[in-house]
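# Structural characterization, general
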Amino acid sequence: MTQCPDQIRSKYNWARQPTLAQPALFGDAAQDCGLIGDSPAIPRVLRTVNKLADDVSPVLITGESGVGKELVARAVHQRSQLASRVFLPVDSASLVGSLMESELFGHTKGAFTGAVENKQGLARAADGGTLFLDEIGELPIEVQAKLLRLLQEGEVRPIGAVKPVRVQVRILAATNRDLTDEVASGRFREDLLFRLKVISIKIPPLRERREDIPRLTRFFLDRNSLKQLSLSSAAYKAFLEYDWPGNVRELENVVRSLVALSSRPVIELADLPSPLPSFAQSLGDRDAEPSEILPLAEVERRHILRAVEITKGDMRAAALMLGISRTTLYRKLNAYRNGDGKKEKNIRRDSDGQGRLFGQVGRPFNPVPRPFGGWNTNDSRSGSTADL
Ligand SMILES: Nc1ncnc2c1ncn2[C@@H]1O[C@H](COP(=O)(O)OP(=O)(O)OP(=O)(O)O)[C@@H](O)[C@H]1O
Ligand SMILES: [Mg+2]
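Remember, it's a predicted structure, so these values are computed and weren't measured experimentally.

### Topic: helix 12 (residues 247-261)
Taking 1.5 Å of rise per residue, 15 residues should cover 21 Å, and helix 12 covers 22 Å from first to last C-alpha, within 8% of that figure. Residues of helix 12 that are buried: Asn247, Val248, Leu251, Val255 and Leu258. When helix 12 is viewed along its axis, its buried side chains cluster within an angular range of 110 degrees and face the same direction. Across from the buried face of helix 12, at angles greater than 90 degrees, the exposed residues are Ala260 and Leu261. Those residues of helix 12 hidden inside the fold are in contact with helix 10 (212-224) and strand 9 (266-267).

### Describing the confidence of the model for the protein
Looking at the protein as a whole, the pLDDT averages 77, with 75% of positions reaching at least 70. Mean pLDDT values over the elements of the protein span from 29, in helix 1 (residues 6-15), up to 98, in strand 1 (residues 59-62). In the predicted structure, residues 1-31 sits below a pLDDT of 50 and forms 33 contacts with residues beyond four places in sequence or in another chain. In the model, residues 341-388 has pLDDT below 50 throughout and makes 71 contacts with residues more than four positions away in sequence or in other chains.

### Remarks on the sheet that holds strand 6 (residues 170-175)
With parallel pairing, the 5 strands of this open sheet are ordered in space as 2-3-6-1-7. With one partner strand each, in any of the chains shown, strand 2 (87-91) and strand 7 (200-202) form the two edges of the open sheet. Neighbouring strand axes in the sheet, compared pairwise and without regard to direction, differ in orientation by 15 degrees on average. Relative to strand 6, strand 1 runs parallel, the two being bridged by 4 bridges. In the strand pairing of strand 6, Val59 is matched with Leu172.

Thresholds, definitions, all that
Residues numbered from 1 in each chain as written. Chains lettered and ligands numbered in written order. Predicted model: local features only at pLDDT ≥ 70, side-chain atom pairs only at ≥ 80, totals over all residues. Helix = DSSP H or I, 4+ residues; strand = E, 2+ residues; numbered from the N terminus. Expected span 1.5 Å × (residues − 1). Buried ≥ 20, exposed ≤ 12 C-beta atoms within 10 Å, placed from the backbone. Arc of directions from axis to C-beta. Contact = placed C-beta atoms within 7 Å. pLDDT = per-residue confidence, 0-100. Pairing = 2+ DSSP bridges. Axes fitted to C-alpha atoms, helices over the stretch in contact; angles between N-to-C directions.

What follows is the structure, given as structure tokens:
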């Protein structure tokens, strides 16, 4: 992780003045701190990070999994006066049961069975620097009490110790849970939440800042490959349209796998892992003039035919992708044929019962086209005869 150098700090200070150049400037500075993005959310986050440069208060960073909470925590640390000191990330979810308290706050030799020597604990290991408590919502209530003491008094008492120990550590915390709900259900201390959320940074999910997708994609492509890889326009549309439930981490992983598997310089729609390909079609209409807006039924028709095309006529896969039953899919395709015999009249059900579709866009999907005569068009499940 690159540190934010002084010249970038001064850029930030200068950039506090609202100027037209601000977004680009934030973009560059953000990149040096590892935060990439063109949406308003990224400069907003960075503005807060920047304002905290002279502060060592606790900060609560919230957002769905994979949005970049740890990256932001690191940026807060790097921008602070503690930048040259230790940044110690702790995944609270990985600290198990009774060991958690000792891991965080230490113990003395003989404090409990197995405590064969003194242990200082992670809070003291981060003394003088920053302790980043990831998934803080996972901390059991008794450990939360000790953390509150650390925040309020600046001291910890290792298990078995008589006297508390002074610790000067900045606490950054992150969670993908709603801690207010956790307080309501008695799983999180309200006083601790109040202490933590004085300064909070909320990172929106990627689907709410789609402007970040192109730059992030380019960044991950370049970072993971020496080859100049790019996305075809259809693949690019799918990237923009997909909801990315795993957020930036999912985008990064998808790009990584594409880079590893790609043998061509341009990544095509067909190269994308499921369910991404099915998101390519709908965006095409996003820039349409009002007069070009299609009737919903026509959008559905195109979407269904597109799914069938993407799955190369595999009806089972197409139905799965569309979230409908195969019977519904056949019924709709039949209806399209009856309503518009031009494009769909060559649709045939495969005789092997696999439900493969041929000729939907005037060419066979199967690399080995079969003659149209003699297809067995009986649907094994519905018993209906489909003269597709
Ligand atoms: N704006 C961004 N620019 C560049 N990389 C990013 C950005 N946001 C996230 N990433 C990358 O995405 C991955 C996930 O980010 P990070 O670990 O910070 O997410 P998180 O919110 O802490 O996830 P979790 O809740 O699962 O712990 C990391 O590899 C990180 O570097
Ligand atoms: Mg994290």
